[in-house]
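# Examining the three-dimensional arrangement
This is what each chain is made of:
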Amino acid sequence: MSKRTVLITGANKSIGFETAREMGQSGFKVWLGCRDAVRGKDAVSLLLSEGIDARLAIIDVTDQESIDAAVGQLKSEDGKLDVLVNNAGIPGIYPSAPEAQSISDIMTVYNTNVFGVIRVMQAFLPLLKMGDAPRIIMVSSGLGSLEWVSDRTHPYSQVAALGYTSSKTALNGVTVAFANGLSEYGISVNAVDPGYTATDFNGHTGYRTVSEAARGIVWLAAEAAQTLTAGFYFDEKRAPW
Ligand SMILES: NC(=O)c1ccc[n+]([C@@H]2O[C@H](COP(=O)([O-])OP(=O)(O)OC[C@H]3O[C@@H](n4cnc5c(N)ncnc54)[C@H](OP(=O)(O)O)[C@@H]3O)[C@@H](O)[C@H]2O)c1
């Protein structure tokens, strides 16, 4: 049987990079989806130096041409994709009160966090259908949980980021839609909250390490039951939608 393959978007640094490293350590051939060639090559070189089977795919999730070119690259090299991790995401201007955040900033956030994921999913679906027990993982956020953000005693309800929080709520909806639509092909689709993690995303204010964040992603990607689908998880446990 050929080696299992995984593609991770936004993999040149932070949570995506650590996920790539840990998936590689567990025996996967890892495709790093990176929008910048230089940053991507540096990230791939680092993983290769650690003995990981890593490859670069230039993917900007807002650019259909780059996605289609990456599909062609994986198709000719592997002919399949086993696991897709939709990790690339942006916060938008923060903090921003709902009445003040501009439509253009919200659209920018949605173009990456929601439409970018849908673009990548639709383009890679034929290769996923050729995969072995295929899985798709959406890197969502606890800030997308309507139960948590509507609970005024929960710290997430204090975060003023309309574009970002609602984009992750939308991503959770996208997760369920694809999970239902792809169940007939045996493709599992789940969302994961990596938790508040110290990365460039938040000026390294998060309390979790990238390794702690990656754990739940790797669990869904490689360890959880294949039958698990249409769920939202934090630290390997169900999180509320
Ligand atoms: N950090 C947290 O506390 C936290 C909590 C909950 C959820 N998350 C989610 O976890 C994911 C990763 O976050 P992170 O903390 O690792 O963020 P990060 O440090 O800002 O890294 C984001 C990654 O996404 C890439 N990216 C951004 N826009 C892209 C695009 N249009 N096309 C392709 N790649 C793009 C970035 O590439 P460049 O280097 O080229 O910019 C970078 O590799 C995001 O979806 C985020 O919403 C994070």
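Being a predicted model, the structure only gives us computed values, none of them experimental.

Here we take up the layout of surface pockets. One number sums up the size of the largest pocket: a volume of about 1,100 Å³. Along its surface, the largest pocket is lined by 44 residues, and Gly89, Ile90, Pro91, Thr199 and Phe201 are the ones closest to its centre. Listing elements by their share of the lining of the largest pocket, those giving two or more residues are helix 1 (14-25), strand 2 (29-34) and helix 6 (162-182). The element contributing the most residues to the lining of the largest pocket is helix 1, with three residues.

Right, let's get into the site of the ligand. Lining the immediate environment of the ligand, one finds 29 residues, of which Ser14, Arg35, Asn87, Tyr164 and Thr199 sit closest. Note that an oxygen atom of the ligand is positioned 3.0 Å from one of the side-chain N or O atoms of lysine 168. Taking 900 Å² as the accessible area of the ligand by itself, protein coverage stands at 94%. When each cavity is represented as a set of grid points, the ligand is found to reside in the largest pocket. Breaking the shell around the ligand down by element, the ones donating at least two residues are helix 1 and helix 6. Class assignment for the residues of the shell around the ligand results in ten nonpolar, 13 polar and six charged.

Moving on, we get to the sheet that holds strand 1 (residues 5-9). Two modes of strand pairing occur in sheets, parallel and antiparallel, and in both the strands are linked by backbone hydrogen bonds. In spatial order, the strands read 3-2-1-4-5-6-7-8; together these eight strands make up an open sheet with mixed pairing. The open sheet has two free edges, formed respectively by strand 3 (54-58) and strand 8 (237-238), since each of these has just one partner strand. Pairing analysis gives four bridges linking strand 4 (residues 83-86) to strand 5 (residues 135-139), with the strands arranged parallel. Opposite asparagine 86, over in strand 5, you have methionine 138 as the bridge partner. The sheet contacts of helix 3 (residues 64-77) involve strand 2 and strand 3, and relative to strand 3 the element is tilted by about 145°. With respect to the sheet, helix 6 is in contact with strand 5, strand 6 (188-193) and strand 7 (232-234), its orientation differing from that of strand 6 by roughly 160°.

Scanning all chains against the criterion turns up twelve salt bridges. Among the ionic pairs, lysine 29 bridges to glutamate 77, the shortest N-O distance being 2.8 Å. Taken together, the residues span a long stretch of sequence, with lysine 29 in strand 2 and glutamate 77 in helix 3 at a distance of 48 residues. For glutamate 77, a relative accessible area of 35% gives the class partly exposed. Residues lysine 29 and aspartate 78 are paired through a salt bridge, measuring 2.7 Å at the closest nitrogen-oxygen approach. Of this pair, lysine 29 sits in strand 2 while aspartate 78 is found in the loop between helix 3 and strand 4, placing the two residues 49 residues apart along the sequence.

Turning to the nonpolar core, a few remarks are in order. In a soluble, globular protein the nonpolar side chains are often hidden away together inside. Core analysis: the biggest nonpolar cluster contains 40 residues, and Phe124, Ile136, Met138 and Val189 have the highest contact counts within it. Listing elements by their share of this core, those giving two or more residues are helix 3, helix 4 (103-129), strand 5, helix 6 and strand 6. Among the elements that take part in this core, helix 4 stands out by supplying eleven residues, more than any other. Contacts of isoleucine 136, omitting those with residues within four sequence positions, involve Leu84, Asn86, Met121, Leu128, Leu182, Ile187, Ser188, Val189 and Asn190.

Rules behind the numbers
Residues numbered from 1 in each chain as written. Predicted model: local features only at pLDDT ≥ 70, side-chain atom pairs only at ≥ 80, totals over all residues. Heavy atoms only, no water. 1 Å grid on protein atoms, 1.4 Å probe; cavity = no way out; pocket = protein on both sides within 12 Å on 5 of 7 lines; lining within 4 Å. Points joined across faces, edges and corners; volume = space filled by probe spheres on them. Helix = DSSP H or I, 4+ residues; strand = E, 2+ residues; numbered from the N terminus. Near = heavy atom within 4 Å. Polar contact = N/O pair within 3.5 Å; in protein donor to acceptor, adjacent residues only side chain to side chain. Areas by Shrake-Rupley, 256 points an atom, 1.4 Å probe, with all protein chains shown as cover. Sits in = over half its atoms within 2 Å of the grid points. Nonpolar A, V, L, I, M, F, W, Y, C, P; charged D, E, K, R; others polar. Pairing = 2+ DSSP bridges. Contact = heavy atoms within 4.5 Å. Axes fitted to C-alpha atoms, helices over the stretch in contact; angles between N-to-C directions. Salt bridge = Lys/Arg side-chain N within 4 Å of Asp/Glu carboxyl O. Buried < 20%, exposed > 50% of the residue type's maximum accessible area, 1.4 Å probe, protein only. Core = buried A, V, L, I, M, F, W, Y, C linked by side-chain atoms within 4.5 Å.

Function cannot be inferred from these measures alone, as they are strictly geometric.
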